[in-house]
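Residue-level listing of the chains:
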Amino acid sequence: MLHYLIRRLMIAIPSLLGISVILFTVLALAPGDPFEELATNPAVPPDVRAHLRASLGLDDPIHLRYISWLTAMLRGEWGFSFVSRIPVEQLILQRLPTTVAVIGASQILALAIALPVGVYAATRPYSIFDQIANTLAFVGFSLPTFFTGLLLILLFSIQLDWLPFVFRTSIEATGWRWWWEMVRQSIMPVAVLGLFQGAAWTRFVRSAVLDVVRLDHVTTARSKGLPESRVTMRHVVRNAMIPVVTLVALQMPAVFGGAIVTEQIFRVPGIGSLLISAILANDTPVIMAVTFVFAGLVIFFNLLADVLYGWLDPRISYR
Amino acid sequence: MSASTTDPLLSIRDLRVHFATDDGMVRAVDGVSIDVGRGETVCVVGESGCGKTVTAMTVLKLIAMPPGRIAGGQILWQGRDLVPLKSDAMRSIRAKEIAIVFQEPMTSLNPVYTVGEQIAEVVRQQEKLGRRAAMDRAIEMLRLVHIPNAQRRAHDYPHQFSGGMRQRVMIAMALSCNPKLLIADEPTTALDVTIQAQILDLLAEMKERLGMAVMLITHAMGVVAEVAQRVVVMYAGKVVEEAPVRELFANPRHPYTQGLIRSIPRIDLAATHHHRLEAIPGTVPSLLNPPVGCRFAARCRYVTDACRAAEPPLREVAPGHKMACIL
């Protein structure tokens, strides 16, 4: 097992290198220049600008720039933001907890909906409950998050004025009041992300359970005189969890990506909004670092999916 | 208490099982009566789709309801009718009194639990034993069905066993609560021929040791000849003939039974020239719209107009020998 993990992590190194090469090249080829603003600023003379560019190494050929970025990365130096001059790792660490909290809560909400509803619907296929759950799930994942997000803001913030629609990190309160404010402002982004994901997973859980329900070993379990609840939990749901866990783990990085839109709508100061503002400002070190973090997440969750799969299914062995 | 010794253990009486399909009502089992006495081995024979598996599954109410439905009849277990029984009461019968072994050992075990856990699960459920004691019983059962290194193998998963070994595990599981009746639904069909013989031997040995009755569902007349005491021949959802095994092979009365016996490959005849294995022409009629009259009429070589006019009732032609044919 340990051997397998080490080997998988070794394989991850070339993938990360490949990702960084592509990212760096694309960013270098992209139009725009972090010094655009300085160019239009009459207070900065052109020779000062040229000097600045040279000192930052921006005029070097692309492969030299890549190598210097890579060697710095290997030493653990993520560089400074072109715009704010703050070290990149500090920026990311500032933003990451908010994103993780919002996404984490929304994924828990999604699972809390998808698992019971999907299982219950699948054990009573084509019942009224199943039909309603199916319809709602279909509506849920057909509506994009930017639309439901705006709808919720219109309803709960503007019409009813119950919830704030701008997410603030600096809440001037302590103790319970701080938590209360945090929960209040998290409700809408968490609901939007969680309901969307929950709708998709409900359908997936339902079909995974339906696949298992008709298998022979479920009849065997029933022939043993087990109560129906035990048959469902131990012999149906347990087996159906194998594909579900894999899907959930594999989708996690995509959820981070999808959360960018939601973060933008609710002004959640997370890693997604950091990426968007960095792209708009041509802030190469920040873009590189954030996308690198995303790439790392993809690799991590892929590995996690494989490990969980083997843990859930004894037929899989690690070699 | 003389009644209880002469009463059959299981008495299926005029059982009717219907399935609702998109095309209409399928009468999978249409008035079947089968008795199984204490310690007796009864074989139920017939082609695929004749309703024998549905009959077996219905005894334990393991058919999917809906679309399935018990449309009539009784299933008397030691005199008590199982048909109106609530699911709680039914559960206490399963595995404890009537156990079942299925056709497909490859898919009948849950792949995510060890075989020991799966056997122990029945014991814990039905005998209320603790985890430890149940596992000990599981290992003991595995030993009983001749699985080598039972102690160690109990912690292996189903995929680590061959088909024949898995069927042994299924039999160990079915017998772990000492049932009075074992229903074996084509237990050897999915196995290699040499393994088939081993499983049949095992069933016979278990029967001798534990003294339970066996209801063996099969389509292989060779198997019937080897293990049965009494034989029930089914055709298109009905019983067409029933007799003690010697009587049936010596004196088959129904044309369908005669056809089944003629279609057994015979090694002595195969060696002689110009001998072709005889098959029954045609196929089983649709149970959606069964023909009026005898259901075998379309395939019968002795068919008369009377056969097509009315359904022949099951009648006794010799002591213990019943058949449903006008001839």
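Rules and cut-offs
Residues numbered from 1 in each chain as written. Chains lettered and ligands numbered in written order. Predicted model: local features only at pLDDT ≥ 70, side-chain atom pairs only at ≥ 80, totals over all residues. UniProt positions renumbered as here; feature names shortened; annotations may be inferred. Helix = DSSP H or I, 4+ residues; strand = E, 2+ residues; numbered from the N terminus. Buried ≥ 20, exposed ≤ 12 C-beta atoms within 10 Å, placed from the backbone. Contact = placed C-beta atoms within 7 Å. Rg over C-alpha atoms; globule rule 2.2 N^0.38 Å. Pairing = 2+ DSSP bridges. Axes fitted to C-alpha atoms, helices over the stretch in contact; angles between N-to-C directions. Expected span 1.5 Å × (residues − 1). Bend = angle between axes of the 7 residues up to and from the residue. Domains from an automatic or database assignment. Nonpolar A, V, L, I, M, F, W, Y, C, P; charged D, E, K, R; others polar. Left-handed = near helix turned anticlockwise from the far one by under 90°. Right-handed = clockwise from strand over helix to strand, strands pointing away. pLDDT = per-residue confidence, 0-100.

Chain B goes by ABC transporter ATP-binding protein in an unreviewed UniProt entry, where it is assigned to Neoroseomonas soli. Entered under Sequence similarities (unreviewed entry) in the UniProt record, the comment concerning chain B runs "Belongs to the ABC transporter superfamily." According to the UniProt record, the Subcellular location (unreviewed entry) comment for chain B reads "Cell inner membrane".

Naming follows an unreviewed UniProt entry, where chain A appears as ABC transporter permease of Neoroseomonas soli. Under the heading Sequence similarities (unreviewed entry), UniProt records this for chain A: "Belongs to the binding-protein-dependent transport system permease family." According to the UniProt record, the Subcellular location (unreviewed entry) comment for chain A reads "Cell membrane".

Student: How would you sum up the overall build of chain A? Please name residues and give values.
Tutor: In terms of regular secondary structure, chain A is built from twelve helices and zero strands. Along the longest, intermediate and shortest principal axes, the C-alpha atoms of chain A span 85 × 60 × 40 Å. The 319 residues of chain A split such that 27% are buried. The contacts of chain A with a sequence gap of at least 6 include a subset with a gap of at least 24, amounting to 73%.

Student: Pulling in residues and values, what's your account of the overall build of chain B?
Tutor: On a plain count of helices and strands, chain B comes out with 13 helices and twelve strands. Against the globule reference of 20 Å for 327 residues, chain B gives a C-alpha radius of gyration of 21 Å, in line with a compact fold. Dimensions of chain B, computed from the C-alpha atoms along their principal axes, are close to 65 × 55 × 50 Å. In chain B, which comprises 327 residues, the proportion classed as buried is 45%. For chain B, the share of sequence-separated contacts (at least 6 apart) that also reach a separation of at least 24 residues comes to 64%.

Student: Explain the sheet that holds strand 12 (residues 321–323) of chain B residue by residue, including any values.
Tutor: Residues and elements named next belong to chain B. The mixed open sheet is built from eight strands, whose spatial order is 6-7-8-3-9-10-12-11. This sheet does not close on itself; its edge strands, each paired only once, are strand 6 (98–101) and strand 11 (315–318). Recorded for the sheet is a direction-independent mean angle of 20° between the axes of neighbouring strands. Both strand 7 (residues 181–185) and strand 8 (residues 213–218) contribute to a ladder of five bridges, which runs parallel.

Student: Hey, could you go over helix 8 (residues 175–213) of chain A for me, with residue numbers and the actual values?
Tutor: The first and last C-alpha atoms of helix 8 of chain A sit only 48 Å apart over 39 residues, clearly below the 57 Å expected at 1.5 Å per residue. Ser186(A) marks where helix 8 of chain A bends most, by close to 40°; the proline Pro189(A) follows one to four residues later.

Student: Hey, could you go over the domain arrangement of chain A for me, with residue numbers and the actual values?
Tutor: All names here are of chain A. Assigned domains of chain A: these are domain 1 (2–74) and domain 2 (94–312). With centres defined by C-alpha atoms, the gap from domain 1 to domain 2 works out at 34 Å. Facing 13 residues of domain 1, the contacting portion of domain 2 comprises eleven residues. In terms of residue class, the side of domain 1 that touches domain 2 is made up of eight nonpolar, three polar and two charged.

Student: Report on the interface of chain B and chain A, specifying residues and quantitative values.
Tutor: Counting residues at the interface gives 22 residues for chain B and 18 residues for chain A. Elements with a minimum of two residues in the side of chain B that touches chain A: helix 3 (87–93) and helix 4 (115–127) of chain B. A total of four residues in the side of chain B that touches chain A trace back to one element, the largest contributor, which is helix 4 of chain B. When grouped by side-chain class, the residues that make up the side of chain B that touches chain A number ten nonpolar, seven polar and five charged.

Student: Talk me through the pairing of strand 6 of chain B; I want residue IDs and the actual numbers.
Tutor: Residues and elements named next belong to chain B. Side chains of strand 6 alternate between two faces, with Ile98 and Ile100 and Ala99 and Val101 buried alike. Where strand 6 lies against strand 7, four bridges are found, and the strand directions are parallel. Across the sheet, the residue bridging to Ile98 is Leu181, located in strand 7.

Student: Requested: an account of the UniProt feature "transmembrane region" (unreviewed entry) in chain A, with residues and values cited.
Tutor: Residues and elements named next belong to chain A. In the numbering adopted here, UniProt assigns the feature "transmembrane region" (unreviewed entry) to residues 9–30, 100–123, 135–158, 240–266 and 286–312. Within residues 9–30, the helical portion is 95% and the strand portion 0%, while the C-alpha atoms at the span's ends are 31 Å from each other. For residues 100–123, helix accounts for 100% and strand for 0%, while the C-alpha atoms at its two ends are 34 Å apart.

Student: For the UniProt feature "domain: ABC transmembrane type-1" (unreviewed entry) in chain A, give the residues involved together with the corresponding values.
Tutor: Summarizing the sequence annotation, UniProt attributes the feature "domain: ABC transmembrane type-1" (unreviewed entry) to residues 96–305 of chain A in the numbering used throughout. From the first C-alpha to the last, residues 96–305 of chain A spans 22 Å; its make-up is 84% helix and 0% strand.

Student: So what about the UniProt feature "domain: ABC transporter" (unreviewed entry) in chain B? Which residues, and what values?
Tutor: Summarizing the sequence annotation, UniProt attributes the feature "domain: ABC transporter" (unreviewed entry) to residues 12–261 of chain B in the numbering used throughout. Between the C-alpha atoms that bound residues 12–261 of chain B there is a distance of 26 Å. The span itself is 39% helix and 27% strand.

Student: Any chance you could break down the packing of helix 5 (residues 88–123) of chain A against helix 8 of chain A for me, citing the residues and the numbers?
Tutor: All names here are of chain A. Contact geometry for helix 5 and helix 8: axes closest at 6 Å, N-to-C directions at 35°. In this structure, the crossing between helix 5 and helix 8 has a hand that is right-handed. Here the contact of helix 5 with helix 8 is built from residues that sort into 21 nonpolar, nine polar and one charged.

Student: Any chance you could break down the sheet that holds strand 2 (residues 24–36) of chain B for me, citing the residues and the numbers?
Tutor: Residues and elements named next belong to chain B. Spatial ordering of the open sheet is given by 2-1-4-5, a layout of four strands whose pairing is antiparallel. Because the sheet does not close on itself, it has two edges, and the strands there are strand 2 and strand 5 (80–81). Where strand 1 (residues 10–21) meets strand 2, ten bridges bridge the pair, whose relative direction is antiparallel. In the strand pairing of strand 2, Ala20 is matched with Met25. Strand contacts of helix 2 (residues 52–59): strand 1, strand 2 and strand 4 (68–77), with the helix running at about 110° to strand 1, the strand carrying the most contacts.

Student: Go over the pairing of strand 7 of chain B with me, naming the residues and quoting the values.
Tutor: Residues and elements named next belong to chain B. With five of its five residues buried, strand 7 lies for the most part within the structure. Across the two faces of strand 7 the burial is the same, with Leu181, Ile183 and Asp185 and Leu182 and Ala184 all buried. For the crossover that starts at strand 7, traverses helix 8 (residues 193–210) and ends in the parallel strand 8, the hand is right-handed.

Student: Quick one: what's the story with the environment of Arg315(B), residue by residue and with numbers?
Tutor: Secondary-structure assignment places Arg315(B) in strand 11. The spatial distance from the C-alpha of Arg315(B) to the C-alpha of Val240(B) is 9.7 Å, given a sequence separation of 75 residues.

Student: Report on the confidence of the model for chain A, specifying residues and quantitative values.
Tutor: Averaged over all residues, the pLDDT of chain A is 85; the fraction at 70 or higher stands at 97%. The least confident element of chain A is helix 2 (residues 36–40) of chain A, whose mean pLDDT is 65; the most confident is helix 9 (residues 216–223) of chain A, at 92.

Student: Residue-level account of unusual backbone geometry, with values.
Tutor: All names here are of chain B. Here Gln78, not a glycine, exhibits a phi torsion of approximately 50°, which is positive. Structurally, Gln78 is set in the loop between strand 4 and strand 5. Taking the C-beta count within 10 Å as the criterion, Gln78 has 14 such neighbours and is therefore assigned partly exposed. Of note in this structure, His146 is not a glycine but carries a positive phi near 65°.

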